[in-house]
Number of protein chains: 2
Amino acid sequence: MIQETRRTLASHTPVYFAGDRATDLVRVERGVVMVFNLFEDGRRQIVDFVTAGELLHFQFDGELDHYAEAITEVELVSAPSDAALSDPVWAEYIFQQMRGRLDRDRRHVTLLAQKSAAERLAEFLIIVSDRLSTPIGDIELPMTRQEIADYTGLTIETVSRLFSRWMRERRLVVTGKRTYRIEGALAA
Amino acid sequence: MIQETRRTLASHTPVYFAGDRATDLVRVERGVVMVFNLFEDGRRQIVDFVTAGELLHFQFDGELDHYAEAITEVELVSAPSDAALSDPVWAEYIFQQMRGRLDRDRRHVTLLAQKSAAERLAEFLIIVSDRLSTPIGDIELPMTRQEIADYTGLTIETVSRLFSRWMRERRLVVTGKRTYRIEGALAA
DNA sequence: CGCTGCCTTGATGCTGATCAAAATTAGTGG
DNA sequence: CCACTAATTTTGATCAGCATCAAGGCAGCG
């Protein structure tokens, strides 16, 4: 039997830091956690937004090489890595989660390699729509403009300008506090 | 006992295509294979350069979603995925390989998010140096300028100009047919 | 020796970063 | 509920860096 511990964290609370010992695997039960790296020059690269049912990292021992921080209120479940690895159900789950992360990373690489800022941001919205949003078509954006910028490799000003333009052109419509809907083709 | 099949491919030969059925896992024994995606507009995004001891993909069933092509003469070993997955030694190896790919993808994301072309290309050379090169300090570049461009998200002209500049400034020195050595700081 | 593919170099223009400031939103306490 | 402050977002003006278009050079191979 795996000993799982559960905890709830408020929005914008660190989950762990780079350099922390990786003793436990962490699953997000509710909410969204961002995984990121920090650089000497102060830049922050957001690597992934992790949501319900997904594992935060795949470091089974040694030190963590990245940061994790809640961007909404989150509920987390931790389990000791060594125990999880030897449990067949957990092992299968870990396997599947690693494949999911590989797919998301590939998509992220593709996003970042896009030539224009509009293409990158459009792809970002599609990704978020696929992963974090309601099936009705609304896009939930729990993250700030700065966080979007740090994921897409753009500046906050460029992100803001594109949102403004798309909303002016009615390609993107506000449907709630943090929700939007795509009405037309964005990339243009 | 896992039934492994071995084959040798010439430089610039396709290993598999997107859409192919993923029945086998493929390990590179010798040489370098590039893994990439193609887009409607003709762009090619190179996702990884896979070298000796590494697995090409982690798709255990269904259709492959990317292409693989030898960029040097390569020796490959294939094994049926289902058999490999149930073999404990292979399972452990697959696990470790997935973690390696995750790390490389993260590094690739970091590279692509770099602001300047010089920073991207410098990071690329460091990565290649770490992964494909001799321990003496020489950097082996088995790939073409176009392939470097398609990995770093730059154009071939920009890549060429940076190489020229660095060589003019003696930061980078040619030590062989396809080998270079870094003499100073590149990023500048 | 000439052809083909790859690489280099040059000139120009556009896109998005940067700097700066205004506008809006969120947060706090009375 | 409102006033006040802080944080976030938006908008504007300017400019550098890289993509693009266009030639020319060079190596490999018949």
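Residues numbered from 1 in each chain as written. Chains lettered and ligands numbered in written order. Predicted model: local features only at pLDDT ≥ 70, side-chain atom pairs only at ≥ 80, totals over all residues. Heavy atoms only, no water.

**A short note on the pairing of strand E6 (residues 67-70) of chain A**
Residues and elements named next belong to chain A.
Item 1. The pairing of strand E2 (residues 14-16) with E6 spans 2 bridges and is classified as antiparallel. What sits directly across from Tyr-16, in E6, is Ala-68.
Item 2. Both strand E4 (residues 33-38) and E6 contribute to a ladder of 4 bridges, which runs antiparallel. Bridge assignment links Phe-36 to a residue of E6, and that residue is Tyr-67. (Pairing = 2+ DSSP bridges. Helix = DSSP H or I, 4+ residues; strand = E, 2+ residues; numbered from the N terminus.)

**With respect to the domain arrangement of chain A**
Residues and elements named next belong to chain A.
Item 1. According to the domain assignment, chain A contains domain 1 (5-113) and domain 2 (117-182).
Item 2. Relative placement of domain 1 and domain 2: their C-alpha centres are 23 Å apart.
Item 3. Counting from both sides, the interface comprises 19 residues of domain 1 and, opposite them, 16 residues of domain 2.
Item 4. For the pair domain 1 and domain 2, the two sides together bury roughly 1600 Å², of which 59% comes from carbon and sulfur.
Item 5. Broken down residue by residue, the surface that domain 1 buries against domain 2 is led by Phe-49, Arg-107 and Leu-111, which jointly contribute 43%.
Item 6. Across the domain 1-domain 2 interface, the total number found is 4 salt bridges.
Item 7. Run the count over domain 1 and domain 2 and you get 8 residue pairs in polar contact (both at pLDDT 80 or more).
Item 8. For the side of domain 1 that touches domain 2, the elements supplying multiple residues, two or more each, are strand E5 (44-50) and helix H2 (88-113).
Item 9. Tallying contributions element by element places E5 first for the side of domain 1 that touches domain 2, with 7 residues.
Item 10. Here the residues of the side of domain 1 that touches domain 2 are counted per class, giving 9 nonpolar, 5 polar and 5 charged. (Domains from an automatic or database assignment. Contact = heavy atoms within 4.5 Å. Buried area = accessible area lost by both parts, 1.4 Å probe. Salt bridge = Lys/Arg side-chain N within 4 Å of Asp/Glu carboxyl O. Polar contact = N/O pair within 3.5 Å; in protein donor to acceptor, adjacent residues only side chain to side chain. Nonpolar A, V, L, I, M, F, W, Y, C, P; charged D, E, K, R; others polar.)

**Observations regarding the pattern of salt bridges**
Residue and element names in this part refer to chain A.
Item 1. Tallied over the entire structure, the rule returns 36 salt bridges over all chains.
Item 2. Of the charged contacts, one joins Asp-138 and Arg-181 as a salt bridge, the two residues approaching to 3.0 Å between their closest N and O atoms. Here the residue Asp-138 occupies a position in strand E8 (residues 138-140), and Arg-181 occupies one in strand E10 (residues 179-182), the gap between them amounting to 43 residues.
Item 3. Using a relative accessible area of 17% as the deciding quantity, one classes Asp-138 as buried.
Item 4. Glu-169 is the partner of Arg-165 in a salt bridge, and the nearest nitrogen-oxygen pair spans 3.8 Å.
Item 5. Given the relative accessible area of 27%, Arg-165 is considered partly exposed.
Item 6. When its relative accessible area of 37% is taken as the criterion, Glu-169 is described as partly exposed.
Item 7. In this structure, a network of salt bridges that share partners links the residues Glu-4, Arg-6, Arg-27, Glu-29, Arg-30, Glu-73 and Glu-75. (Buried < 20%, exposed > 50% of the residue type's maximum accessible area, 1.4 Å probe, protein only.)

**Section: the interface of chain B and chain A**
Item 1. The interface is formed by 28 residues belonging to chain B together with 28 residues belonging to chain A.
Item 2. Both faces considered, chain B and chain A share a buried interface measuring about 2800 Å² in area, 63% of it formed by carbon and sulfur atoms.
Item 3. Contact with chain A buries surface across chain B, with Phe95(B), Leu102(B) and Arg106(B) losing the most and accounting together for 24% of the total.
Item 4. Taken together, the links from chain B to chain A amount to 2 salt bridges.
Item 5. The partner of Asp65(B) in a salt bridge is Arg106(A), with the nearest N and O atoms 3.3 Å apart.
Item 6. Where chain B meets chain A, there are 6 residue pairs in polar contact (both at pLDDT 80 or more).
Item 7. For the side of chain B that touches chain A, the secondary structure elements donating two or more residues are strand E5 (44-50) and helix H2 (88-113) of chain B.
Item 8. At 13 residues, H2(B) tops the list of elements feeding residues into the side of chain B that touches chain A.

**Comments concerning unusual backbone geometry**
Item 1. Its identity as a non-glycine residue notwithstanding, His12(A) has a phi of 60°, on the positive side.
Item 2. Note on placement: His12(A) falls in the loop between strand E1 (5-9) and E2.
Item 3. Assessed through its relative accessible area of 40%, His12(A) is described here as partly exposed.
Item 4. In this structure, Arg170(B) is a non-glycine residue whose phi angle is positive, near 65°.
Item 5. Structurally, Arg170(B) can be placed in the loop between helix H5 (156-168) and strand E9 (172-174).

**So, the protein's contact with DNA strand D**
Item 1. In the neighbourhood of DNA strand D, 16 residues make up the surrounding shell, with Arg145(A), Ser160(A), Ser164(A), Ala117(B) and Thr158(B) lying closest.
Item 2. Among atoms of DNA strand D positioned within 4 Å of the protein, sugar and phosphate together represent 66%.
Item 3. Take Arg161(A): an N or O atom from its side chain is 2.8 Å from a base nitrogen of DNA strand D.
Item 4. Between DNA strand D and Thr158(B), the relevant distance is 2.2 Å, taken from a phosphate oxygen to a side-chain nitrogen or oxygen of the residue.
Item 5. At the level of elements, helix H4 (145-152) and helix H5 (156-168) of chain A together with H5 of chain B are the ones that each hand at least two residues to the surface near DNA strand D. (Near = heavy atom within 4 Å.)

**What about the relation of the copies chain B and chain A?**
In summary, the two copies of the chain are related to each other by a rotation about an axis coupled with a shift along it.
Item 1. Structural alignment of chain B on chain A gives an RMSD of 0.0 Å, achieved by rotating through 180° and translating 0.0 Å along the axis. In symmetry terms, the pair is related by a two-fold rotation axis.
Item 2. An overlap of 100% is found between the interface residues of chain B and their copies at the interface of chain A, pointing to a shared contact surface. (Least-squares fit on C-alpha atoms with pLDDT ≥ 70 in both.)

**Details of helix H3 (residues 117-132) of chain A**
Item 1. For H3(A), which comprises 16 residues, the first-to-last C-alpha distance of 22 Å matches the rise-based estimate of 22 Å (1.5 Å per residue) to within 8%.
Item 2. Along H3(A), the residues classified as buried are Ala118(A), Arg120(A), Leu121(A), Ala122(A), Glu123(A), Phe124(A), Leu125(A), Ile127(A), Val128(A) and Leu132(A). (Expected span 1.5 Å × (residues − 1).)

**Concerning the side chain of Thr72(A)**
Residues and elements named next belong to chain A.
Item 1. Checked against the element boundaries, Thr-72 lands in the loop between E6 and strand E7 (74-80).
Item 2. A polar contact is formed between the side chain of Thr-72 and the backbone nitrogen of Val-32, at a distance of 2.9 Å.
Item 3. Residues in contact with Thr-72, not counting those within four places in the same chain, are Leu-9, Ala-10, Ser-11, Gly-31, Val-32 and Pro-142.

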